[in-house]
Each structure stands twice: as structure tokens, then as C-alpha cells.
Amino acid sequence: MDDVQQPDPIVSVAVHPVSQSDVAKLTTALSRLAAEDGTLRWHSEPATRETILSGMGTVHVDNAVKKAHSKFGVNLTTTIPRVPYRETITKTSSSEYTHKKQTGGAGQYARVFLRVESLGDDDDFEFESEVFGGAISQPFIAAVQKGCRQAIQTGVMAGYPVTGIKAVVYDGKEHPVDSKEIAFQIAGRECFKKAAMGAGPVLLEPIYEVTVTVPGENMGDIMGDLNSRRARVLGMDQEGTRATVKAEVPLAEMQTYIGELRSMTQGRGVYSMKFLRYGRVPSHLMEQIVAAREKEKEEEN
């Protein structure tokens, strides 16, 4: 017998363990909650370093958090999740970076020349070497790749993972005594960041397909509201007294939608959401997001 297809969640919260003992029990508790209720989902989001719990409504998610405490002894607080943006580049750029460190004993030395190229926004990271004539030996080329992979995890612009990028190391220089793998790893990481910052970096945001069903008399309000959320309407349909609209909407605009839809329709509107793809963030919003991230980093330090 086939598994019953469960609907996609529409409300998500970031859950935060209250104490160290809650941290230890968190994964087990969330896994058991999801096993008992197929409409509950949870995952760790690497882009924001948050644990996300999703369900069919605010009451549904609130009850799951209460159950985590009453049944599994895990105390949790919740916040609106941060949007899991990604970073990518829009053009080709080259850079070079020299890592030089001299201490009392042996020093560290590595020089790397690197080019970054734009792939499709959804493509994985690619790495190639065009180094000829032994300017950098093979173990150090591998260290450069490791440094690049570190950089794509931590981002180059706002701290979000980098996607759709190809890095090509094409030249470099090593020292017979002072060159070490750690030196080339650092040089590779910093050279990658430098090249990517010169390659027209942009932010990508998750886009969802949203289907909203409301009483016909609310359709005008719903359409106006969706337009204010940067929605791209895909289609509309009327059946009896109910009207349905389907649209593509950025996740950033849907974080508090359930309460606002309820308010606009006196609780008679329903909606569903399904992840579609990542799309580029408009430049004016990108500047705000990057500035907000910089402020967060300053506050953390």
C-alpha cells in the first residue's frame, strides 16, 4: 500500500533549546513528534544555522512545542525563522592572494591566482586546475580547493552559502621550505572571496508557489495584498462562491501570512505553499539584507 501523501506545511518557526540538556534531547524529540504526526516536519537549515519546525498552522506548531515539553521534557522557545538566502555571482572575475606568515620557526607561504565563473544559480560548486609546469604541486592544489569549499559555506557578501560558481586555480607560487597545505588553504579561501566580490555577487531567495482560496468577495483584497508581497500571479479560478489564486511569492513575504489572511477573510481563507526554486533578490532589497546581516554580526561580536 502506498504511503499517504501529506500536505506541505504552511507555517514554520525556528526552535531554540532553553538549556544545554534541552540541546541534547532536541533531535530525538523532534524526530518522534514528526513520526507521530506526518504533517509535522523539521530540519536543520545550514544557511541560517537554525532548527526549523513546520506544520499546518500556528496552533498546530504551538501544540507540538508544548508536546515536546510535556511528553519529551524539552523546553523550547520559538522565533520567526530567518530566510535561508544563498549567494551567487553574475560574471567572471580573477584575483590573486599571497598568504605570508613569519614566526620564530618555519613560516607559512602561499601565492594563489584564481578565477571564478558564473554557472546556473542552482548548480553545485565546481573546481578546476589550469596550473601547468608545477607552479603549485598537487597537494597544494587540493588545499586551495579545500579553502574554496570553506568560503562557499560561509559566504562572501552576507554570510550565506554560495552556489552556482566555478573556481579555477590557474597559477601560483610555493616556497621550498615555508609552503604548507594550511597556507594554501588560507590563500585559496581568501582569494576565492576576493574574486567573488569582484564578480557581481547577488543574493538568491527561496520562491514558493502559493495557492490561496477565499470567498469571492475577498478576492480584490487578496490580489492587492499579494501584489504588495512581490507576488507573480500565475492564474485565478472561481468555483461557486469561492475564488482561488495561484502565485509565485518569495518566502520572505510569507512569514506572517497566516494571521494576515485570517484577518482579511474573517478566518474563511485558506492557503498552501510549495517550494519552487531560488530567484534573485531585487538590488534595493539586497542592500537592506546585507546591511542587516552586518549589523547582526557586529552585535554578535
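Refer to the preceding data block for the structure.
Let us look at the structure shown here. (Residues numbered from 1 in each chain as written. Predicted model: local features only at pLDDT ≥ 70, side-chain atom pairs only at ≥ 80, totals over all residues. Heavy atoms only, no water.)

**Focus on the nonpolar core**
Counting residues in each nonpolar core, the largest one holds 42 residues, and the members touching the most others are Leu114, Ile165, Val169, Phe192 and Leu203. Those elements that provide at least two residues to this core are strand 7 (108-118), helix 3 (138-154), strand 9 (165-173), helix 4 (181-197), strand 10 (202-215) and helix 7 (283-300). Sequence-distant contacts of Phe192, defined by excluding residues within four places in its chain, comprise Leu114, Val116, Phe125, Cys148, Ala151, Ile152, Val156, Ile165 and Ala167. (Core = buried A, V, L, I, M, F, W, Y, C linked by side-chain atoms within 4.5 Å. Buried < 20%, exposed > 50% of the residue type's maximum accessible area, 1.4 Å probe, protein only. Helix = DSSP H or I, 4+ residues; strand = E, 2+ residues; numbered from the N terminus. Contact = heavy atoms within 4.5 Å.)

**Some words on the layout of surface pockets**
Within this model, the largest pocket holds a volume of roughly 800 Å³. Taken together, 41 residues form the lining of the largest pocket, with Ser12, Ile52, Ser54, Tyr208 and Leu251 sitting closest to its centre. Here the lining of the largest pocket takes five residues from strand 13 (residues 270-280), the largest share from any one element. Broken down by class, the residue content of the lining of the largest pocket amounts to 23 nonpolar, ten polar and eight charged. (1 Å grid on protein atoms, 1.4 Å probe; cavity = no way out; pocket = protein on both sides within 12 Å on 5 of 7 lines; lining within 4 Å. Points joined across faces, edges and corners; volume = space filled by probe spheres on them. Nonpolar A, V, L, I, M, F, W, Y, C, P; charged D, E, K, R; others polar.)

**What about the pairing of strand 12 (residues 242-250)?**
Taken together, the nine bridges between strand 10 and strand 12 define a ladder with antiparallel strand orientation. When the sheet's bridge partners are listed, Thr211 is paired in strand 12 with Lys246. Across seven bridges, strand 11 (residues 232-239) lies against strand 12 in antiparallel orientation. Residue pairing for strand 12: Asp237 is matched across the bridge by Thr244. From the end of strand 11 to the start of strand 12, which pair antiparallel, there are two residues, and Gly240 there has a positive phi angle of about 65°. (Pairing = 2+ DSSP bridges.)

**A closer look at a negative patch on the surface**
Negative charge collects at one region of the surface, where Asp122, Asp123, Asp124 and Glu126 lie side by side. Within the secondary structure, Asp122 sits in the loop between strand 7 and strand 8 (126-129). (Patch = residues over 30% accessible without salt bridge, like charges linked within 9 Å, V, L, I, M, F, W, Y side chains within 5 Å. Areas by Shrake-Rupley, 256 points an atom, 1.4 Å probe, with all protein chains shown as cover. Salt bridge = Lys/Arg side-chain N within 4 Å of Asp/Glu carboxyl O. Lys, Arg positive; Asp, Glu negative; His and termini not counted. Charge placed at Lys NZ, Arg CZ, Asp CG, Glu CD.)

**Overview of helix 1 (residues 20-36)**
Across its 17 residues, helix 1 extends 25 Å between first and last C-alpha, which sits within 8% of the 24 Å expected from 1.5 Å per residue. Largest kink in helix 1: about 45°, centred on Leu26. Along helix 1, the residues classified as buried are Asp22, Leu26, Ala29, Leu30 and Leu33. (Expected span 1.5 Å × (residues − 1). Bend = angle between axes of the 7 residues up to and from the residue.)

**What to know about the sheet that holds strand 3 (residues 50-55)**
Hydrogen bonds between backbone groups are what pair the strands of a sheet, and the pairing can be parallel or antiparallel. Taken in spatial order, the four strands make up an open sheet running 2-3-1-4, and their pairing is antiparallel. Each edge of the sheet is formed by a strand with only one pairing partner; in this case those strands are strand 2 (41-45) and strand 4 (76-79). Pairwise comparison of adjacent strand axes, ignoring direction, gives a mean angle of 35° for this sheet. By the bridge criterion, five bridges tie strand 1 (residues 11-17) to strand 3 in an arrangement that is antiparallel. Bridge assignment links Ala14 to a residue of strand 3, and that residue is Ile52. Most of the contacts of helix 2 (residues 58-72) go to strand 3, to which it runs at about 120°, and overall it touches strand 1, strand 3 and strand 4. (Axes fitted to C-alpha atoms, helices over the stretch in contact; angles between N-to-C directions.)

**Notes on the packing of aromatic side chains**
The relation between two aromatic rings is expressed through the spacing of the ring centres and the mutual angle of the planes. Inspection of every chain in the model, using the stated rule, returns seven aromatic pairs. Arranged with centres 5.4 Å apart and planes meeting at 70°, the rings of Tyr85 and Tyr160 form a pair that is edge-to-face. Taken together, the residues Tyr85 in the loop between strand 4 and strand 5 (86-88) and Tyr160 in the loop between helix 3 and strand 9 connect sequence positions 75 residues apart. Residue classification places Tyr160 among the buried positions, given a relative accessible area of 3%. Ring centres of Tyr208 and Phe275 lie 5.6 Å apart, and the angle between their planes is 75°; this geometry places the pair in the edge-to-face category. Highlighted residues: Tyr208 in strand 10 and Phe275 in strand 13, separated in sequence by 67 residues. Given a relative accessible area of 43%, Phe275 falls into the partly exposed group. Site record: aromatic cluster; members linked through ring pairs are Tyr208, Phe275 and Tyr278. (Phe/Tyr/Trp six-rings, centres within 6.5 Å; stacked < 30°, edge-to-face > 60°.)

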